[in-house]
Amino acid sequence: MPPPSGRARRSRRHGLPHADAEQVPMGDQWTQFGTRLLRNATKKAVVARPDHRVSSRQRVKREHQPFGTGYPHRSHPVLWQEFCTRPWEGAFVNIFLVHLGAHYGRAAASPPLGLLSLAAWAREKRRGLNFTVLDQYLERIDYDEVIRRILASQPDIVAFSYMTRASPFVPDITAQLKRALPNCTILLGGPHPSASEHAELEVSHADALVSGEGERSFELILDAIASGSTFVDIPGLFWRDADGAIIRNPGSPLAVEDLDTLPFIAYDLVDVEKYWQVQSQSVIIGARKYMTLFTSRGCPYRCIYCHDVFGKTFRAQSAERVVAEIEHIQARYGVHEFDFMDDIFNLHKPRVYRFSELVNQKNLKLKLTMGNGVRTDILTQEVVDAMVDAGV
């Protein structure tokens, strides 16, 4: 067998695919090249992810990825861009989602549906995203511990969702994160940021603020970060430019018009059994085995005390879509109790009737709670009967 050519030797030295290596399929060569690029090109570009910092579920997931335990940070633009346009798969972008809130006393805790829906949407649209979710309501840890856990994860992106009572702590939290992780993108969202917008971003050290629901805006933010561009083309986004000036992009924040296109809630990102051991954010007192669902968004009424995260246009999942997710949750978690977090579940009467019909046809035997999702002044006897038949 003749010795390899000089070109082949050089390719072999640098881990590049080459014509003389016919015994190795080209796809595998690119995977080998990507692996070597991560491990050997520059140690500073690889952030180690030790196994003791991740759950067994995440560890199993990573063992099936060709890049093992590292990914390039976006502060290294060449490597980051190569990942975004890579001919191989398996790179991780580390995203840390935080539900900020009360950490004292016996604060109630339910799964953070907004963040879990955001993660589910992003995972369906983009590959290579590694999510960590921290719910301060559930963990009952102080803000220093929140910061410590974020820093231990060394994320590329941190996103906070919170209500007004957590807002006084956000300036200090974001300042500490920016000092420790200057290249990390910090995002704000949820009820309070949506209500305060420019003022909330101004007092924080965050990079951008999403007003309203976040799935589509977050998808565009990921695209902008991956391409190395600014956030200028994301409608309705509040963000800081290179000089620190706050810009409000024209247009309205993007909403998901067809809620049937939403993927199922990413309950795999949280320990659901821990929520069964504490009081939920429900009218039902005591710990219990349950799940929460949002089946509609928006409300046409204009109560001055209520939030406006989802706007005034009512959008709802079809009864078939709601029942499909309930069946999925029952099969995976064995749950029959559900808290519906809708703002106005009973606005569209035909949907209520159809939902009740499907629940009984499939003999799902549900126990439903709608703590804030029923408007009483539009209730009719027919709607009440249908909701009772469904399990309310």
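Residues numbered from 1 in each chain as written. Predicted model: local features only at pLDDT ≥ 70, side-chain atom pairs only at ≥ 80, totals over all residues. Heavy atoms only, no water.

Overview of the pattern of salt bridges
Consideration 1: Taken as a whole and assessed by the stated rule, the structure comprises 19 salt bridges.
Consideration 2: For Glu-145, the salt bridge goes to Arg-149, with nearest N and O atoms at 3.0 Å. Here Glu-145 and its partner Arg-149 are both found in helix α7 (residues 143-153), 4 residues apart, which amounts to about one turn of the helix.
Consideration 3: The exposure class assigned to Arg-149 is partly exposed, which follows from its relative accessible area of 26%.
Consideration 4: Residue Arg-351 is joined to Asp-342 by a salt bridge in which the shortest nitrogen-to-oxygen separation is 3.8 Å.
Consideration 5: Judged by its relative accessible area of 7%, Arg-351 is buried. (Salt bridge = Lys/Arg side-chain N within 4 Å of Asp/Glu carboxyl O. Helix = DSSP H or I, 4+ residues; strand = E, 2+ residues; numbered from the N terminus. Buried < 20%, exposed > 50% of the residue type's maximum accessible area, 1.4 Å probe, protein only.)

Some words on the environment of Asp-389
Consideration 1: On the secondary structure map, Asp-389 appears in helix α15 (residues 381-390).
Consideration 2: For Asp-389 and Ser-356, which are 33 residues apart along the polypeptide, the C-alpha to C-alpha distance reads 6.3 Å.
Consideration 3: The residues contacting Asp-389, other than those within four sequence positions of it, are Ser-356 and Asn-360. (Contact = heavy atoms within 4.5 Å.)

Regarding the sheet that holds strand β8 (residues 291-293)
Consideration 1: Strands sit in the order β8-β11-β12 across an open sheet of 3 strands; the sheet is parallel. Whereas interior strands pair on both sides, the edge strands pair on one side only; in this sheet they are β8 and β12 (367-369). Adjacent strand axes in the sheet meet at a mean angle of 30°, parallel and antiparallel pairs treated alike.
Consideration 2: Sheet analysis places β8 next to strand β11 (residues 337-340), joined by 3 bridges and oriented parallel. Of the residues in β11, the one forming a bridge with Leu-293 is Phe-340. (Pairing = 2+ DSSP bridges. Axes fitted to C-alpha atoms, helices over the stretch in contact; angles between N-to-C directions.)

Points about the side chain of Ser-167
Consideration 1: Secondary-structure assignment places Ser-167 in the loop between β3 (157-161) and α8 (170-180).
Consideration 2: Side-chain polar atoms of Ser-167 contact the backbone oxygen of Thr-164, separated by 2.6 Å. (Polar contact = N/O pair within 3.5 Å; in protein donor to acceptor, adjacent residues only side chain to side chain.)

Description of the state of the cysteines
Consideration 1: For the coordinates displayed, the defined rule picks out 0 disulfides.
Consideration 2: The thiol of Cys-299 is unpaired, and the distance to the nearest cysteine sulfur, on Cys-303, comes to 6.4 Å.
Consideration 3: By relative accessible area, which is 28% here, Cys-303 ends up partly exposed. (Disulfide = S-S within 2.5 Å.)

What to know about the sheet that holds strand β7 (residues 246-248)
Consideration 1: Spatially, β2-β1-β3-β4-β5-β6-β7 is the arrangement adopted by the 7 strands of the open sheet, whose pairing is mixed. Here the strands that pair on one side only, and so sit at the sheet edges, are β2 (129-135) and β7.
Consideration 2: Contacts between helix α5 (residues 113-125) and the sheet are confined to β1 (93-99), β2 and β3, with β2 contributing the most and set at about 175° to the helix.
Consideration 3: Running over the sheet, α8 touches β3 and β4 (185-189) and is turned about 165° from β4.

Points about the confidence of the model for the protein
Consideration 1: Of the residues in the protein, 76% have a pLDDT of 70 or more, and the chain-wide mean is 79.
Consideration 2: Every residue in residues 4-90 is under pLDDT 50, and counting partners more than four places away or in other chains gives 119 contacts. (pLDDT = per-residue confidence, 0-100.)

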